[in-house]
Amino acid sequence: MVYRDDIIAKINARFSGQISPAALATWAFDIFYAIDQGEEVVDAEGSDAIADVLDELMFADEAPFVLGDADLRRMIARLEQP
């Protein structure tokens, strides 16, 4: 089960330097693909926010789509909304 808190934790790991932008993008792609293939299930309450954030994160290592700290904070705020 993929929860909003899981994604927030990964973004915070990026802020703290524990993972690179490329590692975050790869993780997001892997989770997105697993959900698409039915290998992972998304928490129903956060499904729209989770899908949107994963969609943005999985391309965040490519030059035109690089996300700054403000973008990542906006994603966290979106995930924290009820």
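Preceding this section is the structure that the text describes.
Caption draft 1: Spotlight on the overall build of the chain. Scanning the chain for helices and strands turns up four helices and zero strands. The order of α-helices and β-strands along the chain, N terminus first, is α-α-α-α. In summary, the chain has a C-alpha radius of gyration of 12 Å against a globular reference of 12 Å for 82 residues, a match within 12%. Taking the principal axes of the C-alpha coordinates as reference, the chain spans close to 30 × 25 × 25 Å. The buried share of the chain, reckoned over its 82 residues, is 34%.

Caption draft 2: Looking closely at the packing of helix α1 (residues 4-15) against helix α3 (residues 47-57). Between α1 and α3, the least distance of the axes is 10 Å, while the angle of their chain directions is 30°. Classed by the angle they form, the pair α1 and α3 counts as roughly parallel. Both α1 and α3 take part in a crossing whose hand is left-handed. Between α1 and α3, the contacting residues are Arg4, Ile7 and Ile11 on the first element and Ile50, Val53, Leu54 and Leu57 on the second. Per-class residue counts for the contact of α1 with α3 are six nonpolar, no polar and one charged.

Caption draft 3: Summary view of the nonpolar core. Residues Ile7, Ile11, Leu57 and Leu79 are the most contacted members of the largest nonpolar core, which totals 23 residues. Breaking this core down by element, the ones donating at least two residues are α1, α2 (21-36), α3 and α4 (69-80). The element best represented in this core is α3, accounting for five residues. In contact with Leu57, other than residues within four places in its own chain, are Ile7, Ile11, Leu24, Ala25, Ala28, Leu67, Leu72 and Met75.

About the thresholds
- Residues numbered from 1 in each chain as written.
- Predicted model: local features only at pLDDT ≥ 70, side-chain atom pairs only at ≥ 80, totals over all residues.
- Heavy atoms only, no water.
- Helix = DSSP H or I, 4+ residues; strand = E, 2+ residues; numbered from the N terminus.
- Rg over C-alpha atoms; globule rule 2.2 N^0.38 Å.
- Buried < 20%, exposed > 50% of the residue type's maximum accessible area, 1.4 Å probe, protein only.
- Axes fitted to C-alpha atoms, helices over the stretch in contact; angles between N-to-C directions.
- Parallel < 35°, antiparallel > 145°, perpendicular 65-115°, else oblique.
- Left-handed = near helix turned anticlockwise from the far one by under 90°.
- Contact = heavy atoms within 4.5 Å.
- Nonpolar A, V, L, I, M, F, W, Y, C, P; charged D, E, K, R; others polar.
- Core = buried A, V, L, I, M, F, W, Y, C linked by side-chain atoms within 4.5 Å.

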